[in-house]
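Coordinates in review
So you can see what is in the structure, the chains are spelled out below.
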Amino acid sequence: MLVGIPLEHENSAIEPKECAVEMSHYLVQVAETRCKASFARIFGYFAPRLRSYALKQLGNEALAMELVQDTMSNVWQKAHLFNSEKGSPSTWIFTIARNIRFDMLRKVQNRKEDICADDLWPVLCEQTPDQNETSLDEQVTLEQIGHLFDELPEKQKVVIEAIYIDGKSQQEIADELAIPLGTVKSRTRLALQRLKGMLSEYD
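In what follows, the accompanying structure is described. Within each chain, residues carry numbers counting from 1 in the order of the written sequence. Confidence filtering applies because this is a predicted model: local features only for residues at pLDDT of at least 70, side-chain atom pairs given and counted only at 80 or more, and all residues used for totals across whole chains, interfaces and linings. Only hydrogens and water are set aside; all other atoms, that is, all heavy atoms of the structure, feed into the side-chain values.

1. Thoughts on the overall build of the protein chain
Segments assigned H or I by DSSP are reported as helices when at least four residues long, segments assigned E as strands when at least two residues long, and all are numbered from the N terminus. Within the protein chain, the regular secondary structure consists of 10 helices and zero strands. Reading the helices (α) and strands (β) of the protein chain from amino to carboxyl end gives α-α-α-α-α-α-α-α-α-α. Remark: exposure states derive from per-residue accessible area (1.4 Å probe, protein chains only) relative to the maximum for the residue type, with buried under 20%, exposed over 50%, and partly exposed in between. Out of the 203 residues belonging to the protein chain, those deemed buried represent 38%. We call two residues in contact whenever any of their non-hydrogen atoms come within 4.5 Å of each other. At a minimum sequence separation of 6, the contacts of the protein chain that also span at least 24 residues come to 67%. Method for areas: the Shrake-Rupley scheme with a 1.4 Å probe, in which residue coverage is limited to the protein chains shown. Accessible surface for the protein chain amounts to roughly 11,900 Å². Of this, 50% is attributable to carbon and sulfur atoms.

2. As for the pattern of salt bridges
For this analysis, a salt bridge means a side-chain nitrogen from Lys or Arg found within 4 Å of a carboxyl oxygen belonging to Asp or Glu. For the structure shown, the criterion picks out two salt bridges. The salt bridge partner of R41 is E22, with a shortest N-O separation of 3.1 Å. Here E22 lies in helix α1 (residues 17–33) and R41 lies in helix α2 (residues 36–58), a separation of 19 residues in the sequence. We classify R41 as partly exposed; its relative accessible area is 46%. The salt bridge partner of E154 is K157, with a shortest N-O separation of 3.9 Å. Of this pair, E154 and K157 both sit in helix α8 (residues 154–164), three residues apart, roughly one helical turn.

3. Re the environment of N74
Relative to the helices and strands, N74 resides in helix α3 (residues 61–78). Taking relative accessible area as the criterion, N74 reaches 17% and is therefore assigned buried. Separated by 23 residues in the primary sequence, N74 and A97 have C-alpha atoms spaced 9.1 Å apart.

4. Considerations on the packing of aromatic side chains
Each Phe, Tyr or Trp ring (for Trp, its six-membered ring) is paired with any other whose centre lies within 6.5 Å, and the angle between the two planes then decides the class: stacked below 30 degrees, edge-to-face above 60, tilted in between. Scanning the entire structure with this criterion turns up five aromatic pairs. Here F39 and F43 contribute two aromatic rings whose centre-to-centre distance is 6.4 Å and whose plane-to-plane angle is 50 degrees, an arrangement assigned as tilted. One end of the pair is F39 and the other is F43, both in helix α2 and four residues apart, which spans about a single turn. F39 sits in the buried class, given a relative accessible area of 17%. On the basis of an interplanar angle of 85 degrees and a centroid distance of 5.7 Å, the ring pair of Y53 and F94 is categorised as edge-to-face. Here F94 lies in helix α4 (residues 89–110) and Y53 lies in helix α2, a separation of 41 residues in the sequence. Here the aromatic cluster, defined as three or more aromatic residues joined through ring pairs, consists of F39, F43 and W76.

5. Quick word on the environment of R187
Residue placement: R187 occurs in helix α10 (residues 181–202). A residue is classified by how much of its surface remains accessible, and R187, at 17% relative accessible area, is buried. Sequence-wise, R187 and K155 are 32 residues apart; in three dimensions their C-alpha atoms are separated by 7.4 Å. Beyond its immediate stretch of four places on either side in the chain, R187 contacts K155, Q156, V159, L177 and I179.

6. A few points about the nonpolar core
Throughout, nonpolar core names a set of buried Ala, Val, Leu, Ile, Met, Phe, Trp, Tyr and Cys residues whose side chains join them through atoms within 4.5 Å. I42, F46, L50, L67, M72 and V75 are the most contacted members of the largest nonpolar core, which has 29 residues in total. Here this core takes 10 residues from α2, the largest share from any one element. Apart from residues no more than four positions distant in its own chain, I42 is found in contact with M23, Y26, L27, V30, A47, M72, V75 and I93.

7. Structural notes on the environment of L67
Mapped onto the elements, L67 comes out in helix α3. Here L67 falls in the buried class, since its relative accessible area comes to 0%. On a C-alpha basis, the gap between L67 and R98 in space is 9.1 Å, while along the polypeptide they are 31 residues apart. If sequence neighbours within four positions are ignored, L67 has contacts with L50, Y53, A54, L58, A97, I100, R101 and M104.

8. Notes on the packing of α2 against α3
Contact geometry for α2 and α3: axes closest at 8 Å, N-to-C directions at 145 degrees. For the element pair α2 and α3, the recorded crossing hand is right-handed. In this structure, α2 uses K36, F39, I42, F43, F46, A47, L50, R51, Y53, A54, L55 and L58 to contact α3, whose residues at the interface are E61, L63, A64, L67, V68, T71, M72, V75 and W76. In the scheme used here, Gly and all other residues not listed as nonpolar or charged are polar, with Ala, Val, Leu, Ile, Met, Phe, Trp, Tyr, Cys and Pro taken as nonpolar and Asp, Glu, Lys and Arg as charged. Residues belonging to the contact of α2 with α3 are distributed by class as follows: 17 nonpolar, one polar and three charged. The axes are straight lines fitted to the C-alpha atoms, using for helices just the contacting stretch, and the angles between their N-to-C directions are given from 0 to 180°. Throughout, a crossing is termed right-handed when the near helix is turned clockwise from the far one, and left-handed when it is turned anticlockwise from it by less than a right angle.

Written out as structure tokens, the structure reads:
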């Protein structure tokens, strides 16, 4: 349990029609009369499900709770936008949750001063199985890397952005760019080596 919100079992994510009708009614009450009791019923039903979803997607309890709180806050503020004819309460609320998850991931990436290179680049290094590959300085901040990143050749930047920001595999990148997988691996390795060299000069 996390701050009073238990995890839901997999089969509890299925919303019965009766519950959908009930939750739709509560959303209408929140929208029209700002009914706190109705909102409490919505929160009690969806918070555990949102928490389970967030933990699976984010893998972090603090971020999971932040997503739950932000999602339910949006539900309270935007209840008037819900339309039962366009979808169920679950569909509407989880769409809000997914959008918030995307925003949270973007914010994490933008908190440059709080993220070290050691947090950022392991994924890239793992996807470049080279015994001679060297890791970046753990003490260098993402802000510094971002500054140096702009100096990479455009082809290397495209590969690095696709792997880290878009979360694509090297094979997916090779297919999209219509280039050999070996070329993608080479550009990734060269980009990391180039960054390593620039970081040494930076210091």
